[in-house]
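Listed here are the chains, written in short residue letters.
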There are 2 protein chains.
Amino acid sequence: MFATLKFAALLLAVVVCWATQDYDYNDAEIDEEPTLGDSPYGSLWPLPQKVQISTVVFKLSGASFHIFDAKASSSGASCRLLQNAYRRYDEYIFTSSRKQGQNKSKKALASDMSELQVWITSADSECDSYPSVTSDESCEFTGMVFVFFHFSHLADTLIQSLETFSQLVYKDEYGAKSINRTDIHDFPRFAHRGLLLDTSRHFLPIKVILANLEAMAWNKFNVFHWHIVDDPSFPYLSRTFPQLSQHGAYHPYTHVYTPSDVKMIIEFARLRGIRVVPEFDTPGHTQSWGKGQKDLLTPCYSGASPSGSFGPVNPMLNTTYDFMSMFFKEVNTVFPDAYVHLGGDEVDFSCWKSNPDIQKFMEQQGFGTDYSKLESFYIQRLLDIVTTTNKGYMIWQEVFDNGVKLKSDTVVHVWMGNKVEEELQKVTEAGFTTILSAPWYLDYISYGQDWQKFYRAEPLSFKGTDAQKKLVIGGEACLWGEYVDATNLTPRLWPRASAVGERLWSDRDVRDLNDAYSRLAKHRCLLSGPATVGLCP
Amino acid sequence: MFATLKFAALLLAVVVCWATQDYDYNDAEIDEEPTLGDSPYGSLWPLPQKVQISTVVFKLSGASFHIFDAKASSSGASCRLLQNAYRRYDEYIFTSSRKQGQNKSKKALASDMSELQVWITSADSECDSYPSVTSDESCEFTGMVFVFFHFSHLADTLIQSLETFSQLVYKDEYGAKSINRTDIHDFPRFAHRGLLLDTSRHFLPIKVILANLEAMAWNKFNVFHWHIVDDPSFPYLSRTFPQLSQHGAYHPYTHVYTPSDVKMIIEFARLRGIRVVPEFDTPGHTQSWGKGQKDLLTPCYSGASPSGSFGPVNPMLNTTYDFMSMFFKEVNTVFPDAYVHLGGDEVDFSCWKSNPDIQKFMEQQGFGTDYSKLESFYIQRLLDIVTTTNKGYMIWQEVFDNGVKLKSDTVVHVWMGNKVEEELQKVTEAGFTTILSAPWYLDYISYGQDWQKFYRAEPLSFKGTDAQKKLVIGGEACLWGEYVDATNLTPRLWPRASAVGERLWSDRDVRDLNDAYSRLAKHRCLLSGPATVGLCP
């Protein structure tokens, strides 16, 4: 098997693959594919808001070129985030295997570009802080012999800009690293550009998560929605309740995320301008919680006696809320982001219905037989608990649909494939911010270039006022874990997720499939590095 | 990007992944999944024809256990094929990362098994020969303290047997390598169990091909159908016509298969009992040939003048047949297998129709306007050429459908999705051997457990006499290259192809989806080695 190990080393790569031409073959019913041409924007992905590439060419020498802080910059050598980003992008551009596309430079005579000065103009560069949904990510740079980045607020923006800069570098016909004088004014269309990974259905080794955070940065995603636990397993190692992963993980030592694992993932993400929003989904999707926490789940009944199986979280016991208080207190300290995702989707009422104690409780509370009232009762108490930790919360759309009272800063996560526009209309009419995932369930694979489907989706196509539209703060691509693990996750996800990345970053009118295809084909080469074969330049 | 490299090392693996349980989640419409239980046959895949696993347990010690030739064996230390196989399987069982499933041994007291004697009884063990479609692959072994393999004919069978043996080894609850006394009588249902890889639409590095040959052996596939060239590129480096790959490959040096590359692949396959059948598809699917070989393709016309584009091979020129003679003479020496695949599918007549010289030729030949007659004319002459090289040939079904005169040992390859049973009926009625690919186009991906679809297919469901059924010598799983390259091929192909492997090897009645699912889940762990995470034991 060592042999396989060796061969397989070649199969790494951060991308999925598609053909660059449409050939007839046998039985295939191939959808019409866009034309692969030469985009005037090279391999820029996602496309900046405003970009003007001139024909003036500069050469970049690995020996002399360096990225450093401009004198007037308000942040400098002491900023770990900046220094780390300089080092990383210097490596991408010169010493790593990340590929640059090949271009014909338009001008024979080229000057040297020997430095990239980074000029941070914000008063507080917030080097040690975490990115947030209110981070100003806009940036501007004008290509001169020295390129200046101007940041109005946060250092986090820098990463987006360096990413853009590195995408502008190409090899000329002699293999020399080159960049055209380019003026860019850029900012994201949506502030929340997320990717959901599910570490419960299959455990994902840390390295897979880190590799995907890296790919996220290259596609200007800025939220890692970590669907960390669910029915199948509970890999989160809680300091307060270690028995949860001890009994609920696939393996109590090898298939858990320890506090230091979590810390590492959060820091790796922070250095790339990415927020980490954990999801602890209740009251449904909690089978694995029950293995380590007695009495947390509702005992289901078969006739007059317990069947031995369990349903959602038991909403009638005070111990449930004591547990949740302590648990979310811990979550609040472990995860620095201002938001936590509380789930709340797909609660199955059949177990509650079977339980005579629950029936009695329903009666006492005056809920009649409307179990969504019981669900709301639970969620309301949970939200109150989480509110005391000063965290904001995100919830799946059912919680809103069921009329639970929500804090005004709640983010409602729209995922259901039917009546998406109506839902967005309703949620924003009620004044809540919202993010969209319905068109972007990337675990649903199909033959051919399905990135186009993800690319075509438009989050603001629903009817509503400008104020309503502003409440759509972004979206998330979701890769649920039923059929993915370390062996296939990354090549299945990228560059399909890149399509969502551009939709959430670039202007609404950036929809030209041919141009996108041309840029994406090149962008894929950047992503995949040494594993790219076939037609990469 | 080095970071990615490092992370990605974890993403290797020879398998695609599926969930082992069926969880509700969000919008999903999941097909009903089979139940994951404990098969009495452990991780055996494909299931042997007859197998009886007793409760008597032997332990295998890495220090003392070894595989060697029995004294009475007709083959021994001088046989490279055997020694290579012993070494390989010793490594799989003990020192490599290939996993063994965990089982509870049924008996507390176990003896040691210290050797596996291999007893070859055939007069000629054919150590240096290549596997062929007539290889006798049946084997038998009875589990005693020493296990004996009895081979009636060929050494190639040994590999299948050692594979089975290694699948029987498991770790007991203390992690000790164990094997139950097992009696097996095994032979494949079909002699031709193939896998098609396409190295034209995307170039596949040699290591990817070798990794897949390895996986093929683990699934008892024995034919690598190498669809080596096609429209998009011509990576085969021909000694006689080096200009073909010089101009037709994606890159003339990095994206070609040199003579020594081809040799290595053939030898690697031979050591695993796998035939290599190359396909040089003509007269269609030949755009890349035309780049290096002047006048080989038909010039298309736009009105009265050439349009600049080209169609299928030009069937009216003698130079065409001179070229084909020399080319297939080379193919005959490079590829030792008794068969070559000549393609012949999907010939587009529009270019021929547009060309006035072709029109004249049609008239001269008395073909009227029936261009399939012209196609047959070409193919007939090609077959005559190949026949002089003493190679047998395989062709796609259109060649048969068009009434071309075929040698009696021609293998007709049925791939079209419609009227499969009728086609099999017709082909076998005409007395030709046939292989089936129609149900096994693995490049068509879909959400969920699509292995079941491949598994359910039954090659002999058509109406016909016993003699006709016998003419179905097997089938091939096809992975066309539109959307696969080194980055995603292997995890996309395995273990989906395993389903085809069992259908072609095991008894017709082996169709229990639950049992198959249980074995396949364990088999996947064997395949994936260190990359397996989640629920592998």
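Within each chain, residues carry numbers counting from 1 in the order of the written sequence. Chains and ligands are labelled sequentially in the order written, the chains with letters from A and the ligands with numbers from 1. With pLDDT at 70 or above as the cut-off, local features in this predicted model cover only qualifying residues; side-chain atom pairs require 80 or more to be listed or tallied, and sums for whole chains, interfaces and linings still use all residues. Side-chain measures were taken over the full set of non-hydrogen atoms in the model, leaving aside hydrogen atoms and water.

In the nomenclature of an unreviewed UniProt entry, chain A corresponds to Beta-hexosaminidase from the organism Oncorhynchus kisutch. Under the UniProt heading Sequence similarities (unreviewed entry), the note attached to chain A is "Belongs to the glycosyl hydrolase 20 family." UniProt positions are given in the numbering used here, feature names are shortened, and annotations may be inferred rather than shown by experiment.

Asker: An account of the overall build of chain A is needed here, citing residue identities and associated values.
Answerer: Scanning chain A from N- to C-terminus turns up 18 helices and 18 strands. Here's how the labels work: a residue is buried when its accessible area is under 20% of the maximum for its type, exposed when over 50%, partly exposed in between, all with a 1.4 Å probe on protein chains only. Relative to its 537 residues, chain A shows a buried fraction of 63%. By definition in these notes, contact holds between two residues if any of their heavy atoms fall within 4.5 Å. Within chain A, counting contacts between residues at least 6 apart in sequence, those at least 24 apart form 75% of the total. In these tables, accessible area is a Shrake-Rupley quantity obtained with a 1.4 Å probe, and a residue counts as shielded only by the protein chains included in the view. For chain A, the exposed surface amounts to about 19300 Å²; the carbon and sulfur share of it is 52%. Helix and strand definitions here come from DSSP, where helices need a minimum of 4 consecutive H or I residues and strands a minimum of 2 consecutive E residues; each element is numbered from the N-terminal end.

Asker: Quick rundown of the side chain of Thr-282 of chain B? Include the residues and the values.
Answerer: Mapped onto the elements of the fold, Thr-282 of chain B is located in the loop between strand E11 (275-279) and helix H7 (287-292). In this structure, Thr-282 of chain B is in contact with Trp-289, Val-313, Met-324, Leu-342, Gly-343, Gly-344, Tyr-378, Ile-379 and Leu-382 of chain B, ignoring residues within four places of it in sequence.

Asker: Break down the pattern of salt bridges for me, with residues and values.
Answerer: Opposite charge on two side chains makes pairing possible when the charged atoms of those side chains draw close. All names here are of chain A. The rule for a salt bridge is simple: a side-chain nitrogen of Lys or Arg has to be within 4 Å of a carboxyl oxygen of Asp or Glu. Applying the stated rule across the entire model yields 36 salt bridges over all chains. Its salt-bridge partner being Lys-522, residue Asp-38 comes within 2.8 Å of it at the nearest N-O pair. Pair noted here: Asp-38 is in the loop between helix H1 (2-8) and strand E1 (50-60) and Lys-522 is in helix H18 (residues 513-528), with a separation of 484 residues, a long-range link. Residue Asp-38 is classed as exposed on the basis of its relative accessible area of 62%. Owing to a relative accessible area of 16%, Lys-522 belongs among the buried residues under this scheme. With its nearest N and O atoms 2.9 Å apart, the salt bridge here joins Arg-519 to Asp-515.

Asker: Got a sec to walk through helix H6 (residues 259-270) of chain B? Specific residues and values, please.
Answerer: Quick reminder: α-helices carry 3.6 residues per turn. Residues three or four places apart thus point the same way. In a helix, the anticipated span is given by 1.5 Å times the number of residues less one. Here H6 of chain B contains 12 residues, and its C-alpha end-to-end distance of 16 Å stays within 8% of the 16 Å for a straight helix at 1.5 Å per residue. Within the span of H6 of chain B, buried status applies to Asp-261, Val-262, Ile-265, Ile-266, Phe-268, Ala-269 and Arg-270 of chain B.

Asker: Give a description of the UniProt feature "active site" (unreviewed entry) in chain A that names residues and reports values.
Answerer: All names here are of chain A. UniProt records the feature "active site" (unreviewed entry) for Glu-346 in the present numbering. Following the sequence through the fold, Glu-346 ends up in the loop between strand E14 (339-341) and helix H9 (350-354). Polar contacts involving the side chain of Glu-346 include one to the side chain of His-285, which spans 2.8 Å. Under the rule applied, a polar contact is a pair of N or O atoms within 3.5 Å (in protein, one hydrogen donor and one hydrogen acceptor; residues adjacent in sequence only if both atoms are side-chain atoms).

Asker: How would you explain helix H11 (residues 371-388) of chain A if you had to name every residue and give the values?
Answerer: All names here are of chain A. Taking 1.5 Å per residue as the helical rise, H11 with its 18 residues ought to reach 26 Å, and the 26 Å between its terminal C-alpha atoms agrees with that figure. Taken as a whole, H11 has its buried residues at Tyr-371, Ser-372, Leu-374, Glu-375, Ser-376, Phe-377, Tyr-378, Ile-379, Leu-382, Leu-383, Ile-385 and Val-386. Backbone geometry just downstream of H11 places Asn-390 in the positive-phi region, at approximately 65°.

Asker: Tell me what's going on with the state of the cysteines, and back it up with residues and numbers.
Answerer: Residues and elements named next belong to chain A. For this text, the term disulfide refers to a pair of cysteine sulfurs within 2.5 Å. Taken as a whole, this structure holds 2 disulfides over all chains when the rule is applied. The partner cysteine of Cys-300 in its disulfide is Cys-351, sulfur to sulfur 2.2 Å. Negative torsions about the S-S bond denote left-handed disulfides, and the value of about -110° found for Cys-300 with Cys-351 makes this one left-handed. Linking Cys-300 in strand E12 (residues 297-302) with Cys-351 in helix H9, this pair joins segments that are 51 residues apart in sequence. On the basis of relative accessibility, which here comes to 10%, the residue Cys-300 falls in the buried class. Taking the relative accessible area as the measure of exposure, Cys-351 reaches 6% and is therefore buried.

Asker: I'd love a proper account of the environment of Asn-84 of chain A, names of residues and values included.
Answerer: Residue and element names in this part refer to chain A. Its place among the elements puts Asn-84 in helix H2 (residues 80-95). On the accessibility criterion, Asn-84 (14% relative accessible area) is buried. Remark: the alpha-carbon pair of Asn-84 and Arg-272, spanning 188 residues in sequence, is separated by 9.3 Å.

Asker: Describe in detail the packing of aromatic side chains, supporting the description with residues and values.
Answerer: Pairing of aromatic rings covers Phe, Tyr and Trp, the last through its six-membered ring, and needs centres within 6.5 Å; plane angles under 30 degrees mean stacked, over 60 mean edge-to-face, and all others mean tilted. In total, this model carries 78 aromatic pairs over all chains according to the counting rule given. Both rings, one in Phe-203 of chain A and one in Tyr-257 of chain A, keep their centres 4.7 Å apart while their planes meet at 25°; by these two values the pair is stacked. Of the two residues, Phe-203 of chain A is situated in the loop between strand E9 (192-198) and helix H4 (206-218) and Tyr-257 of chain A in the loop between helix H5 (243-248) and helix H6 (259-270); the sequence distance between them amounts to 54 residues. Looking at Phe-203 of chain A, the relative accessible area reads 6%, which means it is buried. Between the aromatic rings of Trp-451 of chain B and Tyr-455 of chain B, the centroid separation amounts to 5.7 Å while the plane-to-plane angle is 65°, which identifies the pairing as edge-to-face. Placement of both Trp-451 of chain B and Tyr-455 of chain B in helix H14 (residues 451-456) is noted, with a separation of 4 residues, approximately one turn of the helix. The residues Trp-451 of chain B and Tyr-455 of chain B share a single accessibility class, namely buried. Counting as a charge over the ring demands two things of the Lys NZ or Arg CZ atom: a distance within 6 Å of the ring centre and an angle within 35 degrees of the ring normal. One residue, Arg-270 of chain A, lies across the ring of Tyr-130 of chain A, its end atom 5.8 Å from the ring centre. The ring of Tyr-455 of chain B carries the charged tip of Arg-503 of chain B above its face, separated from the ring centre by 4.6 Å.

Asker: Go over the UniProt feature "domain: Glycoside hydrolase family 20 catalytic" (unreviewed entry) in chain A, please, and point to the residues and values.
Answerer: On the UniProt side, "domain: Glycoside hydrolase family 20 catalytic" (unreviewed entry) is annotated at positions that read residues 190-507 of chain A here. Secondary structure across residues 190-507 of chain A comprises 40% helix and 18% strand; the distance between its end C-alpha atoms is 10 Å.

Asker: Help me get a handle on the packing of helix H8 (residues 318-334) of chain A against H11 of chain A, residues and values and all.
Answerer: Two measures define how a pair of helices packs: the angle their axes make with one another and the distance between the axes. Residue and element names in this part refer to chain A. At a closest axis distance of 9 Å, the pairing of H8 and H11 adopts a crossing angle of 35°. Seen along the crossing, H8 lies across H11 with a hand that is right-handed. Residues Asn-318, Thr-320, Tyr-321, Met-324, Ser-325 and Phe-328 of H8 form the contact with H11, whose participating residues are Phe-377, Tyr-378, Arg-381, Leu-382, Ile-385 and Val-386. In the contact of H8 with H11, the residues fall into 8 nonpolar, 3 polar and 1 charged. Helix axes use the C-alpha atoms of the stretch in contact, all axes being lines fitted to C-alpha atoms, and the angles between their N-to-C directions lie in the range 0 to 180 degrees. Here a crossing is taken to be left-handed if its near helix is turned anticlockwise relative to the far helix by less than a right angle, and right-handed if that turn runs clockwise. Nonpolar residues are Ala, Val, Leu, Ile, Met, Phe, Trp, Tyr, Cys and Pro. Charged residues are Asp, Glu, Lys and Arg, and all others, Gly as well, are polar.

Asker: Describe the environment of Tyr-444 of chain B, naming the residues involved and giving the relevant values.
Answerer: All names here are of chain B. Mapped onto the elements, Tyr-444 comes out in the loop between strand E17 (433-436) and H14. Under the relative-accessibility criterion, Tyr-444 is labelled partly exposed at 23%. Sequence separation of Tyr-444 and Ala-457 is 13 residues, and the distance between their C-alpha atoms is 15 Å.

Asker: Can you tell me about unusual backbone geometry, naming the residues and giving the values?
Answerer: Cis peptide bonds are those with omega within 30 degrees of zero, and the linkage from Trp-45 of chain B to Pro-46 of chain B qualifies with -10°. By secondary structure assignment, the location of Pro-46 of chain B is in the loop between helix H1 (2-8) and strand E1 (50-60).

Asker: Report on the confidence of the model for chain A, specifying residues and quantitative values.
Answerer: Residue and element names in this part refer to chain A. What pLDDT conveys is the predictor's confidence in a given residue, as a value from 0 to 100. Chain-level statistics for chain A give a pLDDT mean of 85 and a share of 82% at 70 or above. Note on residues 143-154: pLDDT under 50 across the span, and 57 contacts to partners over four residues away in sequence or across chains. Interface predicted TM-score (ipTM) for the complex: 0.83; the corresponding pTM is 0.87.

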